[in-house]
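Chain by chain, the residues:
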Amino acid sequence: MTNLTGSNLNRREAAGPKGDGRDSPSNFPKYPDCKDSGVEWLGKIPKHWGFSRLGFESWVRARLGWKGLKADEYVDDGYVFLSTPNIKGTSIDFEKVNYITKERFEESPEISLKVGDVLLAKDGSTLGTVNVVRHLPRPTTVNSSIAVITAGKNLYGLYLSYVFQSSFMKATIQAIKGGMGVPHLFQADLTKFYLPLPPGVEQSTIAAFLDHETARIDALVEEQQRLIALLKEKRQAVISHAVTKGLDPDVPMKDSGVEWLGEVPAHWDAIALRRILKRIEQGWSPECFNFPAEPDNWGVLKAGAVNNGVYRESENKALPDDLEPRGGIEVKVGDLIMCRASGSPDLIGSAAHVTSTRSRLMLSDKLFRLVLNDNSEPSYVSLMLGSAPVRRQIEQSINGAEGLANNLSQGSIKGLLITLPPVTEQQEIVARVHQEIIKLRQLLDQARRTVELLNERRSALISAAVTGKIDVRGWTPPADAAPAHQEARMEAV
């Protein structure tokens, strides 16, 4: 089996992101004279800056309707119809979009987009997501979940888009949506948002500075995300090789007779999972609280408790005191738990062996407990269920069964084809694979933490620049820097 220690992948991660610290807010000068903004979340702003409200400085369109437009009216080609997933990235996605006809497009000319328009998600879980139109490959409009904001003569659209990414504006949005069942930003509220307003030239400099510095950070984040993807691929490759080829490269092999498994060690069996199953047990789904149970109270596991083959007991919901717990579905050490249903197809079929747990946690009805016979190790079967050959079978079962797109049936689970070495060899495989997985998990944790720190740095830099906590008026792009996006000044409303 390949050992990751000392590999290029390991050395690359150990080096970490190559940042020089120039993008830290503490490394930039402060404005010499400031004044109180009068707004708690904003604090002081530079003395020469103005202060206004969004409605005075821009044209806000957030009360949008499409006269009963339905999905079956979408056409194969036509006018771009953006939705919130299209504005979630660092740039607007004009490729994976829906299209509408010219007639429908022309019904709402006020939201026909122009370069410089700021797009803000105003509904649901994506509320507050923002982007700016830097270019328009073809005529484009938006659906009713996106507000369109056109900057006036005293405001630059690109600067405004960064203001909406600041901690000051995020705090404003959180305060407005607080206490609502379905989070939503109304046009009347948006127009009242406070807005720090530097002189026009200064807005342009701030926007160019943030374009350059956030691009550097985003490149580092992207590098870490690629590394995370490689580490995940390596993890599955290590598991898949071990449970289909074994640990001894010189062992005689035979054709398993199963296309997805290929050749396996000659002394192994290739069987359906039902051959080692005593039974499958399912949990229940009472109305629980949306927070985890305290150590001495009962809780019900969520589907994510077995994500990526790791048992996470913190992924649970507290059971209300007025509901009687069911001891027969309590999770115990040694259990093999599988996710049977989830909104995420990648989670369906995930399984984890419970090696330790607190008491008083129960299975939900989205989880199965697989009770195995004595010639199989739950920890080995857990690895097998996470291998590439079995994942392929699970994905086919999910997609191939009508009405079961988010569900894995007991029959499908019993029919999964797996390899079965002798018990002692199963134990050896588990021990060796776990050594490799621990190393990979450490690298993954380090890469994820790096991404968190980079994103925190990005957010802090944006907030400092657009609220006047740092002075970037003297900033100029490095001579070797690629040209930043240049945005023309927006016309007056």
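Cut-offs and rules
- Residues numbered from 1 in each chain as written.
- Predicted model: local features only at pLDDT ≥ 70, side-chain atom pairs only at ≥ 80, totals over all residues.
- Heavy atoms only, no water.
- Helix = DSSP H or I, 4+ residues; strand = E, 2+ residues; numbered from the N terminus.
- Buried < 20%, exposed > 50% of the residue type's maximum accessible area, 1.4 Å probe, protein only.
- Contact = heavy atoms within 4.5 Å.
- Areas by Shrake-Rupley, 256 points an atom, 1.4 Å probe, with all protein chains shown as cover.
- Pairing = 2+ DSSP bridges.
- Axes fitted to C-alpha atoms, helices over the stretch in contact; angles between N-to-C directions.
- Phe/Tyr/Trp six-rings, centres within 6.5 Å; stacked < 30°, edge-to-face > 60°.
- Lys NZ or Arg CZ within 6 Å of the ring centre and 35° of its normal.
- Parallel < 35°, antiparallel > 145°, perpendicular 65-115°, else oblique.
- Left-handed = near helix turned anticlockwise from the far one by under 90°.
- Nonpolar A, V, L, I, M, F, W, Y, C, P; charged D, E, K, R; others polar.
- Polar contact = N/O pair within 3.5 Å; in protein donor to acceptor, adjacent residues only side chain to side chain.
- Expected span 1.5 Å × (residues − 1).
- Core = buried A, V, L, I, M, F, W, Y, C linked by side-chain atoms within 4.5 Å.

1. What to know about the overall build of the protein chain
Alright, step 1. When its secondary structure is counted, the protein chain shows 11 helices and 22 strands.
Alright, step 2. By residue count, 48% of the 493 residues in the protein chain fall in the buried class.
Alright, step 3. Partitioning the contacts of the protein chain with sequence separation of at least 6, the portion at a separation of at least 24 is 76%.
Alright, step 4. As displayed, the protein chain has an accessible area near 24100 Å², and 49% of this comes from carbon and sulfur atoms.

2. Considerations on the sheet that holds strand β7 (residues 118–121)
Alright, step 1. Sheet architecture is open: four strands sit in the order β4-β10-β7-β8, paired in antiparallel fashion. The strands lining the two open edges of the sheet, one partner per strand, are β4 (58–61) and β8 (130–132). Strand-to-strand twist across the sheet, computed as the mean angle between neighbouring axes with direction ignored, equals 20°.

3. Topic: the packing of aromatic side chains
Alright, step 1. Evaluation of the coordinates by the stated rule reveals eight aromatic pairs.
Alright, step 2. Relative to F209, the ring of F28 lies with its centre 5.1 Å away and its plane at 85°, an arrangement referred to as edge-to-face. One end of the pair, F28, is in the loop between α1 (8–15) and β1 (34–36); the other, F209, is in helix α7 (residues 200–245), with 181 residues separating them in the sequence.
Alright, step 3. An angle of 10° between the planes, with centres 5.0 Å apart, marks the rings of F289 and F291 as stacked.
Alright, step 4. Within the aromatic cluster, the residues linked to one another by ring pairs are F28, F209 and W475.
Alright, step 5. Sitting over the ring of W59, R61 keeps its end group 3.8 Å from the ring centre.

4. What to know about the packing of helix α8 (residues 378–385) against helix α11 (residues 423–466)
Alright, step 1. One way to put it is that α8 packs onto α11 with a least axis distance of 9 Å and a crossing angle of 60°. As far as their axial angle goes, α11 and α8 are oblique. Crossing of α8 over α11 shows left-handed handedness. Contacts between α8 and α11 involve S379, Y380 and L383 on the former and, on the latter, Q426, I429, V430, V433, H434 and I437.
Alright, step 2. Residue classes in the contact of α8 with α11 are distributed as six nonpolar, three polar and no charged.

5. Considering the side chain of S145
Alright, step 1. Counting through the fold element by element, S145 comes out in the loop between β9 (140–142) and β10 (146–151).
Alright, step 2. Taking relative accessible area as the criterion, S145 reaches 15% and is therefore assigned buried.
Alright, step 3. A distance of 2.7 Å separates the side chain of S145 from the side chain of N143, its partner in a polar contact.
Alright, step 4. Beyond its immediate sequence surroundings of up to four residues, S145 is in contact with T84, L120, A121, K122 and D123.

6. A few points about the packing of α7 against α11
Alright, step 1. Where α7 contacts α11, the two axes come as close as 10 Å, and the packing angle between them is 170°. With respect to α11, the element α7 is oriented roughly antiparallel.
Alright, step 2. Of the residues contributing to the contact of α7 with α11, the split by class is 26 nonpolar, five polar and nine charged.

7. Some details on the sheet that holds strand β16 (residues 299–301)
Alright, step 1. The three strands are arranged β17-β16-β20 in an open sheet whose pairing can be described as mixed. In this open sheet, the two edge strands, each paired with only one partner strand, are β17 (316–318) and β20 (361–362).
Alright, step 2. Where β16 and β17 come together, three bridges link them in antiparallel fashion. Note on β17: the bridge partner recorded for G299 is A318.

8. Things to note about α7
Alright, step 1. For α7, which comprises 46 residues, the first-to-last C-alpha distance of 66 Å matches the rise-based estimate of 68 Å (1.5 Å per residue) to within 8%.
Alright, step 2. Where α7 ends, the next residue or the one after it, G246, has phi of about 85°, a positive value.

9. Notes on the nonpolar core
Alright, step 1. Residues F164, L190, F209 and L210 are the most contacted members of the largest nonpolar core, which totals 46 residues.
Alright, step 2. The set of elements that each furnish at least two residues to this core consists of β7, β8, β10, α4 (157–163), α5 (167–177), β11 (194–197), α7 and α11.
Alright, step 3. Excluding its chain neighbours within four sequence positions, the residues that come into contact with L190 are L54, V60, A62, L120, A147, F164 and L185.

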